Number of protein chains: 2
Amino acid sequence: MANANPSRTQRPSRRASSSAPSLPVVSAVEQVDTSYLQTLLGYNARRAALTIIEGFLERMAEFGLRPVDFSVMSVIQHNPGVTSRQLCAALNLLPPNLVGLIQSLETRGLIHRLPHPTDGRAVGLHPTPEGAALMQKAEQAATDLEEARSARLTAAQRKTLLELLQKIYL
Amino acid sequence: MANANPSRTQRPSRRASSSAPSLPVVSAVEQVDTSYLQTLLGYNARRAALTIIEGFLERMAEFGLRPVDFSVMSVIQHNPGVTSRQLCAALNLLPPNLVGLIQSLETRGLIHRLPHPTDGRAVGLHPTPEGAALMQKAEQAATDLEEARSARLTAAQRKTLLELLQKIYL
DNA sequence: TATTGTTATACTCTATAACTATA
DNA sequence: TATAGTTATAGAGTATAACAATA
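Because the structure is a prediction, the values reported are computed rather than measured. (Residues numbered from 1 in each chain as written. Chains lettered and ligands numbered in written order. Predicted model: local features only at pLDDT ≥ 70, side-chain atom pairs only at ≥ 80, totals over all residues. Heavy atoms only, no water.)

**Focus on the interface of chain B and chain A**
Right, on to step 1. Listed per partner, the contact involves 73 residues of chain B and 73 residues of chain A.
Right, on to step 2. For the pair chain B and chain A, the number of links is zero salt bridges.
Right, on to step 3. In this structure, the connection of chain B to chain A is made through 24 residue pairs in polar contact (both at pLDDT 80 or more).
Right, on to step 4. Of all the secondary-structure elements, those providing two or more residues to the side of chain B that touches chain A are β2 (28-29), α1 (41-60), α2 (67-78), α3 (84-91), β3 (111-115), α5 (129-149) and α6 (155-169) of chain B.
Right, on to step 5. Of the residues forming the side of chain B that touches chain A, the biggest block, twelve residues, is contributed by α1(B).
Right, on to step 6. Taken together, the residues of the side of chain B that touches chain A sort by class into 36 nonpolar, 25 polar and twelve charged. (Contact = heavy atoms within 4.5 Å. Salt bridge = Lys/Arg side-chain N within 4 Å of Asp/Glu carboxyl O. Polar contact = N/O pair within 3.5 Å; in protein donor to acceptor, adjacent residues only side chain to side chain. Helix = DSSP H or I, 4+ residues; strand = E, 2+ residues; numbered from the N terminus. Nonpolar A, V, L, I, M, F, W, Y, C, P; charged D, E, K, R; others polar.)

Laid out in structure tokens, this is it:
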């Protein structure tokens, strides 16, 4: 695939005495062509993810939850007693980056940490009533946001998109 | 959607004399349930993007190009004379973050900066022969990587995925 | 010996405000 | 007055190495 954007703005640049007029050294671009990048899954997935997350950030500010906070709280909500290690494996996070996040959630009273029933090294993470109530609202808001975000997709297209994305990372 | 993961490891915890045995306070999670998160476009798009980019980083290390470097060079390659401002708009980057990147590409001899033909404030970015040659190889490698990455997708599914992602961010 | 959770730390990425030169 | 490019800087996100406690 060669340069697919031949439309340039060119100054008249009347050169003096040239039977075969040489091309101008400099040229300007009228419309930027990104058609090559648009053939790449990585580029499109990244752009789409960032666009969605942008709206997510605004909507979730009310709950004080950034994307990773949200996903961590959601997993704890649906898996009370889950350990940090399990969270890392499920969400592809690194343990050191989870420590401060967990502490913050505990300080806010959204979760509490209880000893693991069988493994003395591990700690089970449980939602507090406040945390559970917050997540019920937050997940509803996230689901509402999904519908707004995918307004340009049919329900079937949205389902297809989810399935195809999961084929990539699962 | 309530808790869809009832499978817990529970210690027998034989309580003393209780006709209605109370549930254990602590419980462990056997398998982490992420089914709610998997209904969200943002979560899936982000996970997929990060998975793809992980492979991209490894493959492109040979060319010394990170994802943003690659996309910037690709746009310059296909749009010689493009300005920083146009790059920012096309790739959703912020001007201050592009400055160091452009300088680095110029220092490496991959691009050169020429005065804009009509706007004295702007600078046109052009690939050097070395930059153009590098990008020809890098884009071929990226395209090869795409095929490997989407091995679990049919050609039609891959096309569908690209189109649906573009409906999200374009 | 391997694993869970933690600390310290470094590096990258992204975002904001303010300045200059030109349109 | 508005725009292109730049500088300085702050903040968030992500990465590795090493340690204590427990399996």
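**A word on the relation of the copies chain B and chain A**
Right, on to step 1. Structural alignment of chain B on chain A gives an RMSD of 0.1 Å, achieved by rotating through 180° and translating 0.0 Å along the axis. Expressed as a symmetry operation, the mapping of one chain copy onto the other fits a two-fold axis.
Right, on to step 2. In this assembly the copies share their binding face: 100% of the residues contributing to the interface of chain B also contribute to that of chain A. (Least-squares fit on C-alpha atoms with pLDDT ≥ 70 in both.)

**Thoughts on the confidence of the model for chain A**
Right, on to step 1. In the predicted model, chain A carries a mean pLDDT of 88, and 85% of its residues have values of at least 70.
Right, on to step 2. Under a pLDDT of 50 for its full length, residues 1-22 of chain A has, in the predicted model, 29 contacts with residues more than four places off or in other chains. (pLDDT = per-residue confidence, 0-100.)

**Section: the protein's contact with DNA strand D**
Right, on to step 1. Around DNA strand D, 19 residues are found, and the nearest of them are A:Arg66, A:Asn97, B:Arg46, B:Arg85 and B:Arg121.
Right, on to step 2. Of what DNA strand D places within 4 Å of the protein, 60% of the atoms are sugar or phosphate.
Right, on to step 3. Measuring from a phosphate oxygen of DNA strand D, one finds a side-chain N or O atom of B:Arg46 at 2.7 Å.
Right, on to step 4. A distance of 3.2 Å is found between a phosphate oxygen of DNA strand D and a backbone nitrogen or oxygen belonging to B:Val123.
Right, on to step 5. When contributions to the surface near DNA strand D are tallied by element, the ones reaching two or more residues are α4 (95-107) of chain A together with α3 and α4 (95-107) of chain B.
Right, on to step 6. Per-element accounting of the surface near DNA strand D gives the leading share, four residues, to α4(B). (Near = heavy atom within 4 Å.)

**Topic: the side chain of A:Thr34**
Right, on to step 1. Looking at the secondary structure, you find A:Thr34 in the loop between β2 (28-29) and α1 (41-60).
Right, on to step 2. Looking at A:Thr34, the relative accessible area reads 16%, which means it is buried.
Right, on to step 3. Aside from chain neighbours lying at most four places away, what touches A:Thr34 is B:Val75 and B:Ala90. (Buried < 20%, exposed > 50% of the residue type's maximum accessible area, 1.4 Å probe, protein only.)

**So, the protein's contact with DNA strand C**
Right, on to step 1. Around DNA strand C lies a shell of 19 residues, among which A:Arg46, A:Arg85, A:Arg121, B:Arg66 and B:Arg121 are the nearest.
Right, on to step 2. Here a phosphate oxygen of DNA strand C sits 3.0 Å away from a polar atom, N or O, in the side chain of A:Arg113.
Right, on to step 3. Between DNA strand C and A:Arg121, the relevant distance is 2.9 Å, taken from a base oxygen to a side-chain nitrogen or oxygen of the residue.
Right, on to step 4. Secondary structure elements with two or more residues in the surface near DNA strand C: α3 (84-91) and α4 of chain A together with α4 of chain B.
Right, on to step 5. At four residues, α4(A) tops the list of elements feeding residues into the surface near DNA strand C.
Right, on to step 6. For the surface near DNA strand C, the class distribution of residues is seven nonpolar, five polar and seven charged.

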